[in-house]
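Listed below are the residues making up each chain.
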Amino acid sequence: QVQLVESGGGLVQAGGSLRLSCAASGSIWRFGSMAWYRQAPGKQRELVASIRDGGSTNYADSVKGRFTISRDNAKNTVYLQMNSLKPEDTAVYYCNGELNLGNYWGKGTLVTVSS
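Every value quoted in this text rests on a predicted model; they were computed, and no experiment measured them.

## Some points on unusual backbone geometry
- Phi at Asn76 takes a positive value of approximately 50°, unusual for a residue other than glycine.
- Looking at where Asn76 falls in the secondary structure, it is placed in the loop between strand S7 (67-72) and strand S8 (77-82).

## Digging into the side chain of Arg66
- Within the fold, Arg66 resides in the loop between strand S6 (57-59) and S7.
- Ignoring anything within four residues of it in the chain, the contact list for Arg66 reads Gln81, Met82, Asn83, Ser84, Leu85, Lys86 and Asp89.

## Some thoughts on the nonpolar core
- One finds Met34, Trp36, Leu80, Met82 and Tyr93 to be the most contacted residues of the largest nonpolar core, which totals 30 residues.
- Broken down by secondary-structure element, the contributors of at least two residues to this core are strand S3 (18-25), strand S4 (31-39), strand S5 (46-51), S7, S8, strand S9 (91-99) and strand S11 (109-114).

## Focus: the environment of Leu85
- Tracing the backbone through its elements, the reader meets Leu85 in the loop between S8 and S9.
- On the basis of relative accessibility, which here comes to 2%, the residue Leu85 falls in the buried class.
- Sequence separation between Leu85 and Val63 is 22 residues; the distance between their C-alpha atoms is 9.2 Å.
- Setting aside residues up to four positions removed in sequence, Leu85 forms contacts with Val12, Ala14, Gly15, Gly16, Ser17, Leu18, Arg66, Phe67 and Val113.

## Let's talk about the sheet that holds S7
- Reading across the sheet, the four strands line up as S1-S3-S8-S7 and stay open at both edges, with antiparallel pairing between neighbours. On the outer flanks of this sheet lie strand S1 (3-7) and S7, each paired with one strand and no other. The mean angle between the axes of side-by-side strands here comes to 15°, regardless of whether they run parallel or antiparallel.
- Note that S1 and S3 share five bridges and pair antiparallel. Pairing of Ser7 across the sheet is with Ser21, part of S3.

About the thresholds
- Residues numbered from 1 in each chain as written.
- Predicted model: local features only at pLDDT ≥ 70, side-chain atom pairs only at ≥ 80, totals over all residues.
- Heavy atoms only, no water.
- Helix = DSSP H or I, 4+ residues; strand = E, 2+ residues; numbered from the N terminus.
- Contact = heavy atoms within 4.5 Å.
- Core = buried A, V, L, I, M, F, W, Y, C linked by side-chain atoms within 4.5 Å.
- Buried < 20%, exposed > 50% of the residue type's maximum accessible area, 1.4 Å probe, protein only.
- Pairing = 2+ DSSP bridges.
- Axes fitted to C-alpha atoms, helices over the stretch in contact; angles between N-to-C directions.

None of the figures reported here should be taken as evidence of function without further support.
Okay, here's the thing in structure tokens:
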């Protein structure tokens, strides 16, 4: 069964860093465009960053210069390096990706940034 599993969330102080990982498992023959979304309490889910098959990236304005998305195609894994974290970055972070012929979501990992 194809699935995405996130890891790396946790509690960090403002100004700190975290690296999230999202690994695709199962029988993967296409590891396509991948993205990170986040949803803060009481807010809608929003796109944080995306990376296409060829490596081109896109970021939300709120994270530009602080977050970096990357991918390791050999490991079917995508990463989100988050630096200079702010309390407003607190949210559940979800991985989304095009795997094989479908679109999949992970279950999310909680990031809490204390002031």
